[in-house]
Amino acid sequence: MNAVIFRTATAACLVLFMAAAQGQATVALTGQVSSAEEGTMEGVVVSAKRDASTISISVVTDAQGRFAFPAARLEPGHYTLKARAAGYEIDGAKAADVAAGSVASADIRLRKLKNLSAHLTNAEWMSSMPGTDEQKRFLLNCNGCHTIERIMKSAYDADGFLQIFQRMAGYYPGSTPLKPQRLAGTAIRDVQRGGDGRKTAEWLASVNLSQQQTWSFPLKTEPRLTGKSTRVIFTEYDLPNPLIQPHDVVLDREGSVWYSDFGQMFLGKMDPKTGKVTQYPIPVVKPGWSEGTLDLEIDRDDNPWVGVMYQSAIAKFDRKSGKFRMWTTPKEWDTDAGQLGHIAIEGTHSDNKVWIKNSDGGHIYRLDLVSNKMENLGAFKDPRSGKRIGTYGIHSDAQNNAYLLDFAAGNIVKIDAKTRNATVHPTPTPDSRPRRGRVDHEGRLWFAEYQGNAIGMFDPRTERMSEWKVPTPWSAPYDAVAGRNGEAWTGSMLTDRVSRLDIKSGQYTEYMLPRPTNIRRVYLDDSKSPGTLWIGSNHGASIVKVEPLD
């Protein structure tokens, strides 16, 4: 240690000692968070952003309320500091000047929020409002485009909500209040998912502000995360345009970060060292139809593939030529609601075929890359109920067998690549609505149960299912991935948290993100242990890296 470090406050020295014990050379900024109500506060997310930078670094306070930023993460400069703690806000503007070779100190004081409603997560709104779980599940169809707060602060009566349902059914699923997109032609979405619209509208009108000036029920917050959940570093990269929706975020073999844009015709690439972003325009092949992309995959040659949604196309970006190759739905199959959002290429090397899902009618296509022709395997059914499999995610293994995740019910469907025969396996929780996932290095399918509030795993060798419930209520996991280090991850559009499962023990560690983060796909870099999680903030125009320290 140098003399400058020895002259810092006692708390900072303790943090510095802890950092040194963890193999870090030194820290650049330390401090303590406290409030009049609690004194020192554990589990507070503290963020630092250098002036004119697009990159924010965040750490979490320990049991003594202390925080420390590693020197390797903060360049010299003037930093604005922010803090996130349920029910609290920072008491006045806070900043720090970081200089090379020294340790800056900045204690933070928090005060109780005056307007708690403006800071609740979607999940906290769900927990606070009166109603049955069945009633509240309807709202899981809404938070993909906007917050639950938007509904709860509205003054629509039941008739007004019925009109809203009708209008929402005509919007592209990548719409946001910043950029709504109407569907074209006769396309329409089932936002009610078979529910009773009138009863739902009456319930919503009873819990919003249509009949009262404020809510008659108390607003609840989830307790701050403590213990192992505080041992993490977040890096958030702001994207250059607020309309960018980084739906899927993945890394190539060189470590570059790629993202699909849910609301625009771009494929994005980011340098994780500098935050520099390059956007590649995707050709519009169906003018007049909604624009945006969803599923993003990287093939064995490091070329990105993307599902181009209502353009009824998929695209491959050839990195050598810098051009896109497009494949579109054959005209005789295409409809106004045709939507090729999901593809599977993990096993393409084995037979030169790409699996594709068309959301309109649940048809499963297979593209032959030798003949460049598509075959239509049709829509599969659940033999027990006779209902069509409502496929959302489609994934493949090394032999190019396909797995369909039945978002309309609770099934995993395996399609044999050679025979095209399908077998249907129910999830442990009925009607769990599995959404997206990945096949791991052992050939097991991991998936998120959106309505089951769990991570699931299907082992095709034994045909057995396992399931791990996520601790935070209304997490509604969207995607799940498992790595080589014995951990599986999921994220949430409702809680602003990511969840890390220790597969052997079955125990979760959750991490609270620095700001509201609508998470879709989760990507795990398991080249080191512990792994590093990458996610997109789909409504926040940013990419987030989550690095557990142990």
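Residues numbered from 1 in each chain as written. Predicted model: local features only at pLDDT ≥ 70, side-chain atom pairs only at ≥ 80, totals over all residues. Heavy atoms only, no water.

### Things to note about helix α7 (residues 197–207)
Taken together, the buried positions of α7 are Gly-197, Thr-200, Ala-201, Trp-203, Leu-204, Ala-205 and Val-207. Contacts made by the buried residues of α7 are with α4 (133–137), α5 (148–152) and α6 (158–168). A distance of 3.2 Å separates the backbone nitrogen of Arg-198 from a side-chain oxygen at the start of α7, and that oxygen is part of Asp-196. (Buried < 20%, exposed > 50% of the residue type's maximum accessible area, 1.4 Å probe, protein only. Helix = DSSP H or I, 4+ residues; strand = E, 2+ residues; numbered from the N terminus. Contact = heavy atoms within 4.5 Å. Polar contact = N/O pair within 3.5 Å; in protein donor to acceptor, adjacent residues only side chain to side chain.)

### A word on the sheet that holds strand β6 (residues 77–84)
The pairing of strands in a sheet comes from backbone hydrogen bonds and takes either a parallel or an antiparallel form. The eight strands lie next to each other as β8-β6-β3-β4-β11-β38-β37-β36, forming an open sheet whose pairing is antiparallel. Two strands close off the open sheet at either side, each with one partner strand: β8 (94–98) and β36 (522–525). Taking the axes of each pair of neighbouring strands and ignoring which way they run, one obtains an average angle of 25° across the sheet. Taken together, the five bridges between β6 and β8 define a ladder with antiparallel strand orientation. (Pairing = 2+ DSSP bridges. Axes fitted to C-alpha atoms, helices over the stretch in contact; angles between N-to-C directions.)

### Overview of α6
Among all positions in α6, only Ala-158, Gly-160, Phe-161, Ile-164 and Phe-165 are buried. The buried side chains of α6 occupy one side of the element, clustering within an arc of 150° when seen end-on. Those residues of α6 that are exposed and angled more than 90 degrees off the buried face are Gln-163 and Gln-166. Residues of α6 that are buried in the fold lie against α5 and α7. (Arc of directions from axis to C-beta.)

### A look at the pattern of salt bridges
For the coordinates displayed, the defined rule picks out 34 salt bridges. Of the charged contacts in the structure, one is a salt bridge between Asp-248 and Arg-436, with a shortest N-O distance of 2.8 Å. In this pair, Asp-248 is assigned in strand β12 (residues 246–251) and Arg-436 in strand β28 (residues 434–439), connecting sequence segments 188 residues apart. Pair check on accessibility: Asp-248 and Arg-436 agree, each one buried. When the shortest N-O distance is used, the salt bridge between Glu-297 and Arg-521 registers 3.8 Å. A residue pair is termed long-range when its members are at least 10 positions apart, and Glu-297 in strand β16 (residues 296–298) and Arg-521 in the loop between β35 (507–512) and β36 qualify at 224 residues. For the pair formed by Glu-297 and Arg-521, the shared burial category is buried. (Salt bridge = Lys/Arg side-chain N within 4 Å of Asp/Glu carboxyl O.)

### Focus on the pairing of strand β33 (residues 487–491)
Across the five residues that make up β33, a large majority, five, are buried. Burial along β33 is two-sided: Glu-487, Trp-489 and Gly-491 and Ala-488 and Thr-490, pointing in opposite directions, are all buried. Bridge analysis of strand β32 (residues 480–482) against β33 gives three bridges, and the strand direction is antiparallel. Paired with Ala-482 across the two strands is Ala-488, which belongs to β33.

### Considering the packing of aromatic side chains
Each aromatic ring pair is summarised here by two numbers: the centre-to-centre distance and the angle between the ring planes. With the rule as written, the count across this model stands at 20 aromatic pairs. Between the aromatic rings of Trp-258 and Tyr-280, the centroid separation amounts to 5.9 Å while the plane-to-plane angle is 25°, which identifies the pairing as stacked. Separated by 22 residues along the polypeptide, Trp-258 in strand β13 (residues 257–261) and Tyr-280 in strand β15 (residues 277–281) bring together distant segments of the chain. Ring geometry for Trp-258 versus Phe-317: centroids 6.1 Å apart, planes at 55°, classification tilted. Residue Trp-258 is located in strand β13, and its partner Phe-317 is located in strand β18 (residues 313–318); the two are separated by 59 residues in the primary sequence. Phe-317 carries the same exposure label as Trp-258, and that label is buried. Cluster of aromatic residues (ring-pair linked, three or more members): Phe-138, Tyr-156, Phe-161 and Phe-165. Sitting above the plane of the Phe-407 ring, Arg-433 keeps its charged end 4.1 Å from the centroid. The aromatic ring of Tyr-450 is capped on one face by Arg-435, whose charged end is 4.7 Å from the ring centroid. (Phe/Tyr/Trp six-rings, centres within 6.5 Å; stacked < 30°, edge-to-face > 60°. Lys NZ or Arg CZ within 6 Å of the ring centre and 35° of its normal.)

### Regarding the confidence of the model for the protein chain
The share of residues in the protein chain with pLDDT of 70 or more is 95%, and the mean pLDDT across the chain is 94. In the model, residues 1–25 has pLDDT below 50 throughout and makes 28 contacts with residues more than four positions away in sequence or in other chains. (pLDDT = per-residue confidence, 0-100.)

### Here we look at the side chain of Thr-230
Relative to the assigned elements, Thr-230 resides in the loop between α7 and β11 (232–238). Once residues within four sequence positions are removed from consideration, Thr-230 is found in contact with Glu-42, Gly-43, Val-60, Thr-61, Asp-62 and Leu-225.

### Focus on the pairing of β28
Where burial is concerned, most of β28 is hidden: six out of the six residues are buried. Examined bridge by bridge, β28 and strand β29 (residues 445–449) share four bridges and lie antiparallel to one another. Counterpart to Val-439 in the pairing with β29 is Leu-445.

### Here we look at the side chain of Asp-406
Tracing the sequence through the fold places Asp-406 in strand β25 (residues 402–406). For the buried Asp-406, no salt bridge is present, and the opposite-charge side chain at shortest range is Arg-384, 6.7 Å distant. Within the local environment of Asp-406, its side chain forms a polar contact with the side chain of Asn-411, the two groups lying 2.9 Å apart. (Lys, Arg positive; Asp, Glu negative; His and termini not counted.)

### Some details on the nonpolar core
Generally speaking, soluble globular proteins have nonpolar side chains that are buried together. Grouped together as the largest cluster of nonpolar side chains are 39 residues, with contacts concentrated most on Met-129, Leu-139, Met-152 and Leu-204. For this core, the secondary-structure elements that each account for two or more residues are α3 (122–128), α5, α6 and α7. By residue number, the principal contributor to this core is α7, which donates five residues. Other than its neighbours up to four places away in sequence, Met-129 contacts Lys-136, Leu-139, Ile-148, Met-152, Trp-203 and Phe-217. By size, the runner-up hydrophobic cluster in this structure holds 34 residues, among which are Ala-48, Ile-55, Tyr-79 and Val-257. (Core = buried A, V, L, I, M, F, W, Y, C linked by side-chain atoms within 4.5 Å.)

### Describing the sheet that holds strand β24 (residues 391–396)
Strand order in this open sheet of four strands is β24-β25-β26-β27, and the pairing throughout is antiparallel. Two strands bound the open sheet, and with one partner strand each, they are β24 and β27 (422–426). Across the sheet, the mean angle separating the axes of adjacent strands is 20° when strand polarity is ignored. Taken together, the five bridges between strand β26 (residues 411–415) and β27 define a ladder with antiparallel strand orientation. Looking across to β27, one finds that Ile-412 is bridged to His-425.

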